[in-house]
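Notes for the structure review
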Amino acid sequence: MTSTRDERPMPAGGDTIDVLVVDDDFRVARVHRAYVERLDTFRVVGVAGTGEQAIAAVDELRPDLVLLDLYLPDLFGLDVIPRLRTAGHDCDVMVISAAREADAVRGAVRQGVVDYLLKPFDFEDLRGRLERYAVQRGRLLDTVVRGQADVDRVLAGAGAAVAASPVLPKGMSAETAGLIERTLREADGTLSATECAGLTGVSRVSARRYLEYFHTVGSVDVSLRYGATGRPERRYRFLGPGGGGAVGGGGGGLRPGGEAWA
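Residues numbered from 1 in each chain as written. Predicted model: local features only at pLDDT ≥ 70, side-chain atom pairs only at ≥ 80, totals over all residues. Heavy atoms only, no water.

An unreviewed UniProt entry lists the chain under the name Transcriptional regulatory protein, with Streptomyces griseoloalbus as the source organism. The record in UniProt for the chain states the following under Subcellular location (unreviewed entry): "Cytoplasm". (UniProt positions renumbered as here; feature names shortened; annotations may be inferred.)

Take helix α7 (residues 174-186) next. Given a rise of 1.5 Å per residue, 13 residues ought to cover 18 Å, and the 18 Å separating the end C-alpha atoms of α7 matches this to within 8%. Listed in full, the buried residues belonging to α7 are A174, A177, G178, I180, E181, T183 and L184. Where α7 is buried, its residues contact β6 (191-192), α8 (193-200), α9 (204-217), β7 (220-225) and β8 (233-238). (Helix = DSSP H or I, 4+ residues; strand = E, 2+ residues; numbered from the N terminus. Expected span 1.5 Å × (residues − 1). Buried < 20%, exposed > 50% of the residue type's maximum accessible area, 1.4 Å probe, protein only. Contact = heavy atoms within 4.5 Å.)

What follows covers the UniProt feature "modified residue: 4-aspartylphosphate" (unreviewed entry) in the chain. The sites that UniProt annotates as "modified residue: 4-aspartylphosphate" (unreviewed entry) are D69. Ignoring anything within four residues of it in the chain, the contact list for D69 reads V22, D23, D24, G77, I96, S97 and K119.

The α-helix advances 3.6 residues per turn, and as a result positions three or four apart in sequence lie on the same side. In this model, α9 (14 residues) spans 20 Å end to end at C-alpha, consistent with the 20 Å of a helix rising 1.5 Å per residue. Among all positions in α9, only A207, Y210, L211, Y213, F214 and V217 are buried. For α9, the buried positions fall inside an angular range of 155° around the axis, keeping them on one side. Turned more than 90 degrees from where α9 packs its buried face, V205 and T216 sit exposed. At the C-terminal side of α9, G218 shows a positive phi close to 90°. (Arc of directions from axis to C-beta.)

Our focus in this paragraph is the sheet that holds strand β5 (residues 115-118). Strand order in this open sheet of 5 strands is β2-β1-β3-β4-β5, and the pairing throughout is parallel. Strands at the two margins of the open sheet, each flanked by one partner only, are β2 (42-48) and β5. Recorded for the sheet is a direction-independent mean angle of 20° between the axes of neighbouring strands. (Pairing = 2+ DSSP bridges. Axes fitted to C-alpha atoms, helices over the stretch in contact; angles between N-to-C directions.)

As structure tokens, then:
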């Protein structure tokens with residue numbers, strides 16, 4: 001079943017991003033819709049429960065972003081995307097699914113999804129990814145290509161969302177990752193691994209490992225500070241909102257109420 005376009009007024013000071021929620025479980029879809037509607041920049045314009053309904057809804061409502069479940073009763077979610085492209089729709093797609101198979105993730109990347117969020121998750125997980133998407137979308141819309149550096153910057157940003165897997169590497173904890181990310185986010189300028197360790201209470205080696213992980217997934221920038229002697233010092237700077245989505249926003253393994261399950 002597809003809902004009609006929501007006519008809530010747009011927030012002042014910027015464009016609203018219209019969202020279509022696709023999930024075969026109406027209770028889960030209701031949770032997703034409620035999460036999205038808590039963000040001023042986003043507006044849910046419809047909900048669909050099958051792949052065919054999703055295709056029809058995109059044709060009717062022309063959303064900017066589709067939150068797409070993969071386990072639909074009539075079509076596998078990734079099979080919906082090429083049909084949208086064939087029909088001429090250029091909406092972005094963010095996968096929200098319990099599908100953890102590597103083939104599903106690889107297929108989503110090949111289909112050009114902007115992000116891949118595993119169920120179960122909470123509001124903070126989704127908010128970080130939607131905020132990061134809004135920043136990247138604005139960057140793409142406003143970009144002016146003067147040379148290769150501009151192209152590289154856009155491509156790096158586009159790939160960061162999917163690369164930022166919600167599963168941390170072995171030996172890392174979501175609690176520590178969240179602590180280090182918050183510290184870096186709140187820093188006035190850049191931090192070294194030593195400075196980050198001093199502020200968080202973790203060892204310098206651990207701080208360096210988490211900071212380098214954030215750099216790998218694209219949420220942290222690294223610069224070099226050269227001293228009189230020795231190797232240059234690596235300085236880390238948080239790039240923008242939503243980086244916490246890569247690690248669950250610091251929520252750790254314990255999820256608060258209102259989780260979105262498959």
